[in-house]
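Now for the letters of each chain:
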Amino acid sequence: MESAMLTPIDIGQKEFKRSALGYKIEEVDAFLDDVAYAYEGLFKECQDAKEKIAQLEEQVTRYRKLEETLSQTLLLAQKASEEVRQTADRQADLCIGNARLEAEKIIKEAEEKKHTLERQYEWLKNAVRQYRLQYRAMLIAQLEAIPDDDDVQLQVAATYEPKPDYVRIPLLNIKDEQE
């Protein structure tokens, strides 16, 4: 038996010696043993390769399913991200709108308060003006009621009593109050 593997060329070029009855049986049997041995190795390799191919195809199928799942997950994540962004945009717009409404309300209230204060200021200004006019009229009336003669001045001077510059207040004894 040869230790090297047979190739299809070896098998095709193999010549058997003829004997009177045909090929030599020993040579044919030896060659068939070599072919069987080589074929057995190739058959085993083929089987191993088929099993490996089946495993790889199974892995490819799993990876394709995983890829499809990841792709779908990515699409869902993108959709969810877009929805979250849109929701955030809507909420931001709503917050901005509410803030604008609140600002407008505050401005309107401030303007109303300003107008109220302006009206009150004008009313007070008019009231002070009116009071001054009335007070001036009263003073004029009082001055006109005072006679101009010198006799009245003498009468007032005669009844006048000067008051001291200070007024004496008796000091209290704090000890007396506590008892």
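The structure presented is a predicted model; accordingly, all values stated were derived computationally and were not measured.

Asker: Looking at this model, I keep getting lost on the overall build of the protein chain. Mind explaining?
Answerer: When helices and strands are counted, the protein chain shows 4 helices and 2 strands. Its helices and strands in sequence order give the protein chain the pattern α-β-β-α-α-α, from N to C terminus. Residues classed as buried in the protein chain amount to 3% of the 179 residues present. On the protein chain, roughly 17,500 Å² of surface is accessible, and the fraction owed to carbon and sulfur atoms is 58%.

Asker: Explanation requested: a nonpolar patch on the surface in the structure shown.
Answerer: On the surface, a nonpolar cluster with roughly 410 Å² of combined accessible area is contributed by Tyr131, Tyr135, Met138 and Leu139. Take methionine 138: it is sitting in helix H2 (residues 25-145). Residue methionine 138 is classed as partly exposed on the basis of its relative accessible area, which comes to 39%.

Asker: How should the packing of aromatic side chains be read in this particular structure?
Answerer: In the structure shown here, the tally under the stated rule is 1 aromatic pair. Geometrically, the ring pair formed by tyrosine 131 and tyrosine 135 is stacked, given 5.9 Å between the ring centres and 15° between the ring planes. Here tyrosine 131 and its partner tyrosine 135 are both found in helix H2, 4 residues apart, which amounts to about one turn of the helix. The class for tyrosine 135 is partly exposed, based on a relative accessible area of 40%.

Asker: What exactly am I supposed to notice about H2 here?
Answerer: Every α-helix carries 3.6 residues per turn, so stepping three or four residues along brings you back to the same face. With 121 residues, H2 extends 173 Å between its outermost C-alpha atoms, agreeing within 8% with the 180 Å of an ideal straight helix rising 1.5 Å per residue. The set of residues buried in H2 consists of Phe31, Asp34 and Ala38.

Asker: What exactly am I supposed to notice about the pattern of salt bridges here?
Answerer: Pairing is possible between side chains of opposite charge, provided their charged atoms come close. In total, this model carries 4 salt bridges according to the counting rule given. A salt bridge links glutamate 82 to arginine 85; the shortest N-O distance between them is 2.4 Å. In this pair, glutamate 82 and arginine 85 both sit in helix H2, 3 residues apart, roughly one turn of the helix. One salt bridge in this structure joins arginine 85 and aspartate 89, with 2.6 Å as the shortest N-O distance. A residue pair is termed a helical-turn pair when its members lie 3 or 4 positions apart in one helix, as arginine 85 and aspartate 89 do in helix H2 at 4 residues. The exposure class of arginine 85 is partly exposed, given its relative accessible area of 41%. When its relative accessible area of 36% is taken as the criterion, aspartate 89 is described as partly exposed. Among the charged side chains, a network of salt bridges with common partners joins Glu82, Arg85 and Asp89.

Asker: Any chance you could explain a negative patch on the surface here in plain terms?
Answerer: On the surface, Glu102, Glu109, Glu111 and Glu112 cluster together to form a negatively charged patch. Among the secondary structure elements, glutamate 109 is positioned in helix H2.

What counts as what
- Residues numbered from 1 in each chain as written.
- Predicted model: local features only at pLDDT ≥ 70, side-chain atom pairs only at ≥ 80, totals over all residues.
- Heavy atoms only, no water.
- Helix = DSSP H or I, 4+ residues; strand = E, 2+ residues; numbered from the N terminus.
- Buried < 20%, exposed > 50% of the residue type's maximum accessible area, 1.4 Å probe, protein only.
- Areas by Shrake-Rupley, 256 points an atom, 1.4 Å probe, with all protein chains shown as cover.
- Patch = residues over 30% accessible without salt bridge, like charges linked within 9 Å, V, L, I, M, F, W, Y side chains within 5 Å.
- Salt bridge = Lys/Arg side-chain N within 4 Å of Asp/Glu carboxyl O.
- Phe/Tyr/Trp six-rings, centres within 6.5 Å; stacked < 30°, edge-to-face > 60°.
- Expected span 1.5 Å × (residues − 1).
- Lys, Arg positive; Asp, Glu negative; His and termini not counted.
- Charge placed at Lys NZ, Arg CZ, Asp CG, Glu CD.

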